[in-house]
Structures are given as structure tokens and as C-alpha cells.
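Observations on the model geometry
Chain by chain, the residues:
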Amino acid sequence: SVDQDGCFTGDVFAHSGEFHILYTSVNNDKGFTQTQSHATSPDMITWQKLPHNPLAMSKPEGFAECWRDPCVWQEDDGWYMALGGEKPNEEGGVVFLYRSKDLKIWEYVGLLYESSAEKVKALSAKVQGFRFCECPDFFPLDGKHVILSTHAPHTYWQLGDYKNHRLEPQGFGIVDGGGFCSAKTLVDDKGRRISIGFLWSHWGWFSTPTPEQTAEGFAGVLSLPRELHVLPGNTLGIEP
């Protein structure tokens, strides 16, 4: 199947009386192949993959391998999807933007955001491998818009104005000290923007794997939740 070798990060939302998830499918039969897929659920427990998988869309020419981790939202003229990507030759990350009328056929709109390797490395010497924008999460916050994206081992925040389907950055930084990776957000029943991330022993918060972790065979834990705000000076505020 298209996701026989993995289901990577996706986005869950409610629509037309059921829950939907758009996620990245991975198949290694002919090399590392990433496509985007769709499943639905009545209860977020039992999921049905849809017969039109993978979705009708393609990666633009001229970019490197990363093409994954959908973030989906709705605007007046249809559905939008952000996908993490990367420039060639480790030059930096990008966030692709797509649009759809039916959640099945997606057209490429352009780049929602792009970064440079120099800008990313200037904030941390620990950044590994390609300078990509994995796990993009895009949302409005306190009159601005924010993109969270992962350049392993950190989650970075980009804050600014969303105009003409592109983020115009006004602030940039690392979320929560650097050990907080692949962060995603939700809005809770009090209207708060809540972020939860991935903590892995090799990426900052744990200096070495504990004997219990090694014995049990797991590779990390989810963080405690954080509430996000925009602070003066276009800085992302993070509060336990």
C-alpha cells in the first residue's frame, strides 16, 4: 500500500459530521516515496482510509526530498494545506501551500514560507542534516499568524502577517530552549492555542537514555502542554 512503510505526521479536523486526518504515506519499494493520504473516523478511534489515496497532488520541481506532514485549514475559497519541504543543497527549508475544493484534488499555490540554512544555523549549532521545514503548523494568534516548523532537533517559530497566501515574517526563534521537537497545536475549549511537542533523549531534554527507556524500547515522550501567545516585539510567548 502507499503507506506500508509508515504514516508520518498529519492533521486532524472535524468536517461534515465526522473527523478527518490528512497525513503523509511512506513506501520504500522504489526508494523513499512520500505521498499524502486521507482517512476519516466517527470517533477518532476507528479510522477508514479512503479509496482515492494517495491524494491527487505533486511536489513542485526544483526542490529536495522532504515533502510531508500536512497542516490543513479552511478559508472562504476552499481548503488549504501546508506541507514541509526543503531547498536543494541544504540551502534552507520551505513550506509549500496547496488549495482544494473537495479535499481530494489539490493545486499548488506557492510557497507559504521559506527559510535559509544560515538563518537557522545562526540560532543553534545543533541543527542536523538538511535545513528542512518538517511538521509545519500554521495558525492565527493574537492578530498575527505563526508557523511552527522543525529543523531537527528544534521546533522553530516564525511570526508575522499572512498576506496574499504568504507569511511575511516579523519574528523568528527557537521554541522552548531547543529540546522541543515536531510541535503541533490545537485550540482547546477555552479558546487557548495549546502546543505539544516531542522530547527525545538525543535532542536536548535528556542527556542519555534512561535504563527504563532502553529496556522498554521507546524512543521519546510527548511534552507537557504549553499555551502560546504573541508578546510585544513580535515574539512568541510560551507558558506552561
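All figures in this text were calculated on a predicted structure; none of them were measured in a lab. (Residues numbered from 1 in each chain as written. Predicted model: local features only at pLDDT ≥ 70, side-chain atom pairs only at ≥ 80, totals over all residues. Heavy atoms only, no water.)

1. Focus: the pattern of salt bridges
Threshold: A pair is scored as a salt bridge if a Lys or Arg side-chain nitrogen falls within 4 Å of a carboxyl oxygen belonging to Asp or Glu. For every residue, the accessible area obtained with a 1.4 Å probe (protein chains only) is divided by the maximum for its type, and the residue is called buried under 20%, exposed over 50%, and partly exposed between those limits.
Applying the stated rule across the entire model yields ten salt bridges. Arg99 is paired through a salt bridge with Glu107; the nearest N and O atoms lie 2.9 Å apart. The exposure class of Glu107 is partly exposed, given its relative accessible area of 42%. Arg192 serves as the salt-bridge partner of Asp188, at 2.7 Å between the closest nitrogen and oxygen.

2. Observations regarding the sheet that holds strand β6 (residues 78-86)
So the rule is basically this: Two strands make a pair as long as DSSP finds a minimum of two bridges between them. For helices the rule is a DSSP run of H or I covering at least 4 residues; for strands it is a run of E covering at least 2, with both sets numbered from the N terminus onward. Lines are fitted to the C-alpha atoms to define the axes, a helix being fitted only along its stretch in contact, and any angle between axes, read from their N-to-C directions, falls within 0 to 180 degrees.
Read from one edge to the other, the open sheet built from four strands follows the order β5-β6-β7-β8, with strand pairing classed as antiparallel. A single partner strand is all that each edge strand has here, and the edge strands are β5 (67-75) and β8 (107-114). The sheet shows a mean angle of 25 degrees between the axes of neighbouring strands, direction not considered. Sheet analysis places β5 next to β6, joined by seven bridges and oriented antiparallel. Each residue of the ladder has a partner; that of Trp67, found in β6, is Gly85.

3. Some thoughts on the pairing of strand β16 (residues 226-231)
Here strand β14 (residues 193-199) pairs with β16 via two bridges, running antiparallel. From the neighbouring strand, Ser195 faces β16, where its bridge partner is Arg226. Note that β16 and strand β17 (residues 235-239) share five bridges and pair antiparallel. Within the sheet, the bridge partner assigned to Glu227 lies in β17 and is Glu239. As consecutive antiparallel partners, β16 and β17 are separated by three residues, and within that stretch Gly233 has a phi angle of approximately 85 degrees, a positive value.

4. A word on unusual backbone geometry
In this structure, Pro54 follows Asn53 across a cis peptide bond, with omega equal to -5 degrees. Relative to the elements of secondary structure, Pro54 occurs in the loop between β4 (48-49) and β5. A positive phi angle is found at Glu90, which is not glycine, with a value near 55 degrees. Tracing the chain through its elements places Glu90 in the loop between β6 and β7 (93-100). The backbone of Leu103 sits at a positive phi, close to 70 degrees, despite the residue not being glycine. One can find Leu103 in the loop between β7 and β8. Residue Leu103 is classed as buried on the basis of its relative accessible area, which comes to 4%.

5. Some points on the environment of Phe32
In plain terms, the rule: Note on contacts: a residue pair is in contact if any heavy atoms of the two residues lie within 4.5 Å.
Inspection of the secondary structure assignment puts Phe32 in the loop between β2 (18-27) and β3 (33-41). Taking C-alpha positions, Phe32 is 35 Å from Gln170, a pair spaced 138 residues apart along the chain. Ignoring anything within four residues of it in the chain, the contact list for Phe32 reads Phe8, Val26, Asn27, Glu65 and Arg68.

6. What about the layout of surface pockets?
Counted only if it meets this: Both site types are read off a 1 Å grid over the protein atoms alone. A 1.4 Å probe that fits but cannot get out defines a cavity, while an open set with protein on both sides within 12 Å along at least five of seven lines defines a pocket; lining residues have an atom within 4 Å of a point. Grid points are joined across faces, edges and corners, and a volume is the space filled by probe spheres set on the points. Any residue outside Ala, Val, Leu, Ile, Met, Phe, Trp, Tyr, Cys, Pro, Asp, Glu, Lys and Arg is labelled polar, Gly included; the first ten of those are nonpolar and the last four are charged.
Empty space within the largest pocket amounts to approximately 650 Å³. If you trace the largest pocket, you find 27 residues lining it, with Gly10, Asp11, Val12, Lys184 and Thr185 closest to the centre. Class assignment of the residues belonging to the lining of the largest pocket gives a composition of 17 nonpolar, six polar and four charged.

7. Digging into the pairing of strand β1 (residues 7-15)
Where β1 and β2 come together, eight bridges link them in antiparallel fashion. Across the sheet, Val12 pairs through a bridge with Ile21, a residue of β2. Here β1 hands over to β2 after two residues, with Ser16 in that stretch at a positive phi of 55 degrees.

8. Concerning the side chain of Glu134
Which entries qualify depends on this criterion: Pairing of N or O atoms within 3.5 Å defines a polar contact, subject to two protein rules: one partner must be a possible hydrogen donor and the other a possible acceptor, and residues neighboring in sequence count only if both atoms are side-chain atoms.
Within the fold, Glu134 resides in strand β9 (residues 134-141). Among the polar contacts made by the side chain of Glu134, one reaches the side chain of Arg68 at a distance of 2.7 Å. In this structure Glu134 touches Cys66, Arg68, Asp69, Ser149 and Thr150, once residues within four positions along its chain are discounted.

9. What to know about the sheet that holds β2
Two pairing modes exist for strands in a sheet, parallel and antiparallel, and in both the strands are linked by backbone hydrogen bonds. A sheet is described by the order of its strands in space; here four strands give the open sequence β1-β2-β3-β4, paired in antiparallel fashion. Strands at the two margins of the open sheet, each flanked by one partner only, are β1 and β4. Relative to β4, β3 is paired through two bridges, and the arrangement is antiparallel. When the sheet's bridge partners are listed, Ala39 is paired in β4 with Lys49.

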